[in-house]
Amino acid sequence: MKNLLLTLVLALVWTAVQGAFTLGNFAFGFVLAYAVLRMLRPLLGEASYDRRLWYKVVLAGFFVKELISSSVRVATEVITPGYHMRAGILAVPLSVRSDLGITLFANFISLTPGTLSLDVSEDREYLYIHAMYIDQGEEEDVLHLKRTLERRIILALGAESTEAPPPPGSDAASAS
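Along each chain, numbering runs from 1 in the same order as the chain's sequence is written. Local features are withheld for residues below a pLDDT of 70 in this predicted model, meaning they are given only at 70 or higher, and side-chain atom pairs are given and counted only at 80 or more; totals for whole chains, interfaces and linings count all residues. Based on all heavy atoms of the structure, the side-chain values leave hydrogens and waters out of the count.

> Is there a simple way to explain the pairing of strand β1 (residues 88–93) in this structure?
Both faces of the sheet carry side chains from a regular strand, because those side chains alternate between them. Only one face of β1 is buried, namely the one carrying G88, L90 and V92, since none of I89, A91 and P93 on the opposite face is buried. By the bridge criterion, six bridges tie β1 to strand β3 (residues 126–131) in an arrangement that is antiparallel. Looking at β3, one finds that P93 is bridged to Y126. Only protein chains enter the accessibility calculation, which uses a 1.4 Å probe; a residue is then buried when its area is under 20% of its type maximum, exposed when over 50%, and partly exposed in between. We count a stretch as a helix when DSSP gives it H or I for four or more residues in a row; a strand needs E for two or more, and each element gets its number in order from the N terminus. Pairing between two strands requires that DSSP report at least two bridges joining them.

Dropping the structure here:
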């Protein structure tokens, strides 16, 4: 956290030195500060956010790829005559356990055209989603997308995605 704060401060200093606070200028300053701190790693120590940065970039890229392919598929369904889909509701088992991980996974599912997150089971074992295509092996495609997306979320979030909060009414929940 210390190195992230230092990176942000250095990016703000870069923006102030340039004399124009723009998003592009700040982004360049952030990348420059990150590169400088990475070179100074032996002196400052490794940044905790540094390890998962690549996984977050990969997750964003994967989501954009899925967003584009799903958008094309839904647009094709809309502009072609006839009705080629068979929609349904699936109970998808969850591997992520944290509130942040489940929320991120459910939002990625909802933001992808053709799928919508409906609910999380009370025991947090299943996410119920509505999918436009569930026949002809499409259910397996949805589950494959789920496994791939969920694995990338777990890698991006690290340990915080697999920690389940204490159940309501337990001693640990009442102590906080």
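From this point, things continue past the structure.
> Is there a simple way to think about the nonpolar core in this case?
Across soluble globular proteins, you tend to see nonpolar side chains buried next to one another. Among buried residues, the Ala, Val, Leu, Ile, Met, Phe, Trp, Tyr and Cys ones that are joined through side-chain atoms within 4.5 Å form a nonpolar core. Core analysis: the biggest nonpolar cluster contains 23 residues, and L90, F105, I129, L149 and I153 have the highest contact counts within it. Elements supplying a minimum of two residues to this core: α4 (48–79), β1, α5 (99–111), β3 and α6 (138–157). Broken down by element, this core gets its largest block of residues, seven residues, from α6. Whether two residues touch is decided by their heavy atoms; if any such pair falls within 4.5 Å, the residues are in contact. Setting aside chain neighbours within four positions, we find F105 in contact with L94, L127, K146, L149, E150 and I153.

> Before we go on, may I ask you to explain a nonpolar patch on the surface in this structure?
Patch membership requires more than 30% relative accessible area and the absence of a salt bridge. Residues of like charge join within 9 Å; the nonpolar side chains Val, Leu, Ile, Met, Phe, Trp and Tyr join within 5 Å. Note that accessible areas follow from Shrake-Rupley with a 1.4 Å probe, and for residues the cover is restricted to the protein chains shown. Each salt bridge in this description consists of a side-chain nitrogen of Lys or Arg and a carboxyl oxygen of Asp or Glu lying within 4 Å of one another. A cluster of nonpolar side chains, F28, L32, V36, M39 and L40, forms an exposed patch at the surface whose accessible area comes to about 450 Å². Along the chain, V36 falls in helix α2 (residues 23–39).

> In this structure, what is going on with α2? I would like to understand it.
Given 3.6 residues per turn, any residue in an α-helix points the same way as the ones three and four places further on. Take the residue count of a helix, subtract one, and multiply by 1.5 Å to get its expected span. Between its first and last C-alpha atoms α2 spans 24 Å; for 17 residues at 1.5 Å apiece the expected length is 24 Å, and the two agree. Of the positions making up α2, those classed as buried are N25, F26, G29, A33, Y34 and L37.

> Just checking my understanding: could you explain empty space enclosed by the protein for this structure?
One simple way to see leftover space: roll a probe sized like a water molecule over the atoms. Within this scheme a cavity is a closed region of a 1 Å grid, computed over the protein atoms alone, that accommodates a 1.4 Å probe without allowing it to escape, whereas a pocket is open but has protein on both sides within 12 Å along at least five of seven lines; lining residues each have an atom within 4 Å of a point. Grid points are joined across faces, edges and corners, and a volume is the space filled by probe spheres set on the points. Under the counting rule described, the total for this entry stands at two cavities of 30 Å³ or more. When its volume is computed, the second largest cavity comes out at roughly 40 Å³. In this structure, the second largest cavity is lined by F62, F63, E66, F108, I109, T112, L145 and L149. Of all elements in the fold, only α4, α5 and α6 reach the threshold of two or more residues within the lining of the second largest cavity. Here the element with the most residues in the lining of the second largest cavity is α4; it accounts for three residues. Classification convention: Asp, Glu, Lys, Arg as charged; Ala, Val, Leu, Ile, Met, Phe, Trp, Tyr, Cys, Pro as nonpolar; all other residues, Gly among them, as polar. Among the residues forming the lining of the second largest cavity, the class breakdown is six nonpolar, one polar and one charged.

> Please clarify how the layout of surface pockets should be interpreted in this entry.
Within this model, the largest pocket holds a volume of roughly 370 Å³. Lining the largest pocket are 19 residues; nearest its centre among them are E66, S70, R73, V142 and L145. A class-by-class count of the residues in the lining of the largest pocket yields eight nonpolar, seven polar and four charged.

> I keep staring at the environment of P113 and nothing clicks. Help me out?
For P113, the location among the structural elements is in the loop between α5 and β2 (115–120). In sequence terms P113 and L67 are 46 residues apart; their C-alpha atoms lie 6.9 Å from each other. Excluding its chain neighbours within four sequence positions, the residues that come into contact with P113 are L67, S70, S71 and V74.

> What am I meant to see in the pattern of salt bridges here?
Working definition: two side chains of opposite charge can pair if their charged atoms are close together. Scanning all chains against the criterion turns up three salt bridges. Across the pair E66 and K65 runs a salt bridge whose closest N-O atoms are separated by 3.1 Å. Its relative accessible area of 49% is what places K65 among the partly exposed residues. Between R97 and E125 there is a salt bridge, with its nearest N and O atoms 3.4 Å apart. With a gap of 28 residues between them, R97 in the loop between β1 and α5 and E125 in the loop between β2 and β3 connect regions that are remote in the sequence. For R97, a relative accessible area of 22% corresponds to the partly exposed category.

> Just checking my understanding: could you explain the environment of K56 for this structure?
Secondary-structure assignment places K56 in helix α4. Considering only alpha carbons, one finds K56 and I153, 97 residues apart in sequence, at a separation of 7.9 Å.

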